[in-house]
Amino acid sequence: MKITSNKNNLEVLHEDNHIIVVNKRVGDIVQGDKTGDKPLSEVVKEYIKEKYNKPGEVFLGVVHRLDRPTTGIVVFARTSKALTRLNELFKNRETQKTYWAIVKKRPEKDQANLVHYLKRDEKRNTSKAYNKEVPDSKMASLDYSLIKQLDNYCVLEINLHTGRHHQIRAQLSAIGSPIKGDLKYGADRSNPDGGISLHARKLHFIHPVTKLPLTITAPVPQDAVWQSI
């Protein structure tokens, strides 16, 4: 996989006429919000406009999002046809998403399937995981496996079966293994960069136009703990 970067420090993992996939950094917001901070979508538009000398407005469709403190793969559509088909792929969960998470406390089992019922708290922007269904909760399922034990932390690989708000963060916290740096979900200290050690590592899907299978892997952040994996 050829990875390109540019003056905006945009790490492009895949690019063709219909889609562009980038490696999101800690703190980047995918789409504009009330903070008014420049979103990743605008950075990508500028990159396309400059690279291809495009006049006028550049089309770019936001397909999915990652939480601001996380890193990893984000897919954007460069054509309306690709956007429509990608939206269907993600909506129907016809994609395979793999995440890596660094946690301090090793889970009791080195691999397991977790099923909880998540209830979202809009005011606090959090989700709480329950073992049984409660009013207004949604079922959340994932499986994880231990891929490496570090000196002070361990690294888990996570495959999502559902796509709930803060799902990985809430479910790992519920089993006593909050993600490194995730104060909101029980970590004991923050990360120096203000992010959390959750990385969208790999994404597999069928290309919306060529119909060929595509697997994209995002390098881990330039952080001492990540680099020790």
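Here, every reference points to the structure presented above.
Residues numbered from 1 in each chain as written. Predicted model: local features only at pLDDT ≥ 70, side-chain atom pairs only at ≥ 80, totals over all residues. Heavy atoms only, no water.

Novice: Even after reading the chapter, I still don't get the layout of surface pockets, so can you show me in this structure?
Specialist: Leftover empty space is mapped by rolling, across the atoms, a probe with the size of a water molecule. Estimated volume of the largest pocket: approximately 1200 Å³. Lining the largest pocket are 39 residues, and of these Arg 65, Leu 66, Asp 67, His 165 and His 166 lie nearest its centre. The leading source of residues in the lining of the largest pocket is strand 10 (residues 198-206), at four residues. The class makeup of the residues in the lining of the largest pocket is 14 nonpolar, eleven polar and 14 charged. Here the second largest pocket is characterised by a volume of approximately 250 Å³. Residue lining of the second largest pocket: 14 residues in total, with Glu 11, Asn 23, Arg 25, Pro 221 and Gln 222 positioned closest to the centre. Its residues assigned to classes, the lining of the second largest pocket shows four nonpolar, five polar and five charged. (1 Å grid on protein atoms, 1.4 Å probe; cavity = no way out; pocket = protein on both sides within 12 Å on 5 of 7 lines; lining within 4 Å. Points joined across faces, edges and corners; volume = space filled by probe spheres on them. Helix = DSSP H or I, 4+ residues; strand = E, 2+ residues; numbered from the N terminus. Nonpolar A, V, L, I, M, F, W, Y, C, P; charged D, E, K, R; others polar.)

Novice: Looking at this structure, I do not really get the packing of aromatic side chains. What am I missing?
Specialist: Centre distance and the angle of the planes are the two values used to describe a pair of aromatic rings. Tallied over the entire structure, the rule returns zero aromatic pairs. Between Lys 128 and the ring centre of Tyr 130, over which it is positioned, the NZ or CZ distance is 5.5 Å. (Phe/Tyr/Trp six-rings, centres within 6.5 Å; stacked < 30°, edge-to-face > 60°. Lys NZ or Arg CZ within 6 Å of the ring centre and 35° of its normal.)

Novice: For this particular structure, what's the right way to read helix 1 (residues 40-51)?
Specialist: Here helix 1 contains twelve residues, and its C-alpha end-to-end distance of 16 Å stays within 8% of the 16 Å for a straight helix at 1.5 Å per residue. Among the residues making up helix 1, those that are buried are Leu 40, Ser 41, Val 43, Val 44, Lys 45, Tyr 47 and Ile 48. Residues of helix 1 that are buried make contact with strand 1 (12-15), strand 2 (19-24), strand 3 (61-62) and strand 4 (71-77). Looking one or two places after helix 1, you find Asn 53, whose phi comes out positive at around 50°. (Expected span 1.5 Å × (residues − 1). Buried < 20%, exposed > 50% of the residue type's maximum accessible area, 1.4 Å probe, protein only. Contact = heavy atoms within 4.5 Å.)

Novice: I'm lost on the pairing of strand 1 in this one. Help?
Specialist: One face of the sheet, then the other: side chains in a regular strand alternate in exactly this way. Across three bridges, the pairing between strand 1 and strand 2 is antiparallel. In the sheet register, His 14 faces strand 2, and the bridge partner there is Val 21. Hairpin connection, strand 1 to strand 2: the antiparallel pair is bridged by three residues. (Pairing = 2+ DSSP bridges.)

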